[in-house]
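Residue-level structure breakdown
Given next are the chains, with one letter for each unit.
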Amino acid sequence: MKPRLIIVGNALLKKDLSKFIDSSDFVIRCNDCISFGGNTGTKTDVLCIRNNGAPALKFIKNKSVNKLPRFPNLSEVWFPRFVLPEFDYKDQIISSNGLHGLRYRSFSKELNEKVCENIRIESKREIVVPSTGFLLINYILEEPEFNCYDKFIAGFSFEMSFEHSSNIEKNIVIRLCNDRSDLHFVPVSRFWKVERIFKKFRVIKNYLIRLFKKKLSIFYK
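Definitions and limits used
- Chains are numbered independently. Their residues run from 1 in the order of the written sequence.
- With pLDDT at 70 or above as the cut-off, local features in this predicted model cover only qualifying residues; side-chain atom pairs require 80 or more to be listed or tallied, and sums for whole chains, interfaces and linings still use all residues.
- Hydrogens and waters are ignored; side-chain quantities use all the structure's heavy atoms.
- For every residue, the predictor states its confidence as a pLDDT score lying anywhere from 0 to 100.
- What counts as a helix is a DSSP run of H or I of at least four residues, what counts as a strand is a run of E of at least two, and both are numbered from the N terminus.
- Residues count as neighbours in contact if any of their non-hydrogen atoms are within 4.5 Å of one another.
- Axes here refer to lines fitted to C-alpha atoms; in helices the fit is confined to the stretch in contact. Angles between the N-to-C directions go from 0 to 180 degrees.
- By the definition adopted for this analysis, an angle is roughly parallel if under 35 degrees, roughly antiparallel if over 145, roughly perpendicular if from 65 to 115, and oblique otherwise.
- Three residue categories are used. Nonpolar comprises Ala, Val, Leu, Ile, Met, Phe, Trp, Tyr, Cys and Pro, charged comprises Asp, Glu, Lys and Arg, and polar comprises the others, including Gly.
- As used in this record, nonpolar core signifies buried Ala, Val, Leu, Ile, Met, Phe, Trp, Tyr and Cys residues forming a set joined through side-chain atoms within 4.5 Å.
- Classification of residues uses two cut-offs on accessible area relative to the type maximum, computed with a 1.4 Å probe and protein chains only: under 20% is buried, over 50% is exposed, and between them is partly exposed.

**A closer look at the confidence of the model for the chain**
- For the chain, mean pLDDT is 85; residues scoring 70 or higher make up 83% of the total.
- When the elements of the chain are averaged for pLDDT, helix α7 (residues 192–219) gives the smallest value, 53, and strand β5 (residues 103–106) the largest, 97.
- Taken together, the stretch residues 190–199 has pLDDT below 50 and engages in 15 contacts with residues farther than four places along the chain or on a different chain.

This is the structure:
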C-alpha cells in the first residue's frame, strides 16, 4: 500500500475527511488555511505560502500564520513563485510570522515558466498568473521524491480572483486526475461559500468572547 499525500485547499469538502487527512503520511496546506479544522482535519506538514504581491504583504502585515492554530507537525514552508528578489517577500514572511527553525523551499524558475506556458497554450492569453495551489500541484507531480505517494487534491473549488485562469487550471487538474492512477480529486461542498462565512463568523465570535473575558479579568484585578 502506497503512502498517502494530500494537498488541502481552502474550500470546505462535501463530506468529513478529517480522519482520512489526519491519518495521511504527508499533508500540505495553502496560504491562510481557511479550511483548517472541521472536515479537513488539522494535520499539517507543509505550508505553501504565496511570496509576492498583495497576498504576501498581507501575510507580513497581519502576521497571518501566527493567528492560525499551532501546527505540531509543521516542518517546512514552501514559497511557490519565482520572482525578482525585490518582489520576493519570503524572508519578511518568515520573520514576521516567527517561522524560524523550519526548512524552506522555493520553486524554481523552470517550474514557474513551464506552468505558465501550459496555461498560456490553453487560455490563448499572453499574460497568465498561476494560482498558488496550481503551482503546488505541478511541483508535487514534477518532483521525483513524491512519486511513491498516492496523491489527493482536496478543497479546490477553482473559484479564484480574476488574475487566475480558473477554468483552465480546473480543466488541466481534472484531466491529470483522469490520466494518472496516483492522483485523485476530492469534490468540494456545493455550499462551501456559505459554510466558510459561518465558520468565519464563529471564529470572530470566539475571538470577541476571549477578548471580553480578558478585559473583564483585568478590570476586576
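Once you've had a look at it, read on.
**Regarding the packing of helix α4 (residues 109–123) against helix α6 (residues 166–179)**
- Relative orientation of the contacting elements α4 and α6 amounts to 110°, with a least axis distance of 10 Å. Judged by the angle between their axes, α4 and α6 are roughly perpendicular. Seen from α4, the contacting residues are Asn-118, Ile-119, Glu-122 and Ser-123; seen from α6, they are Ile-168, Glu-169, Ile-172 and Arg-175.
- Looking at side-chain class alone, the contact of α4 with α6 contains three nonpolar, two polar and three charged residues.

**A few points about the nonpolar core**
- Ile-28, Trp-78, Leu-136 and Ile-140 are the most contacted members of the largest nonpolar core, which has 31 residues in total.
- At seven residues, helix α5 (residues 132–142) tops the list of elements feeding residues into this core.
- The residues touching Leu-136, leaving out its near neighbours within four places in the chain, are Ile-7, Ile-28, Cys-30, Cys-48, Trp-78 and Phe-107.
- Grouped together as the second largest cluster of nonpolar side chains are 17 residues, Ile-49, Phe-59, Ile-60 and Leu-99 included.

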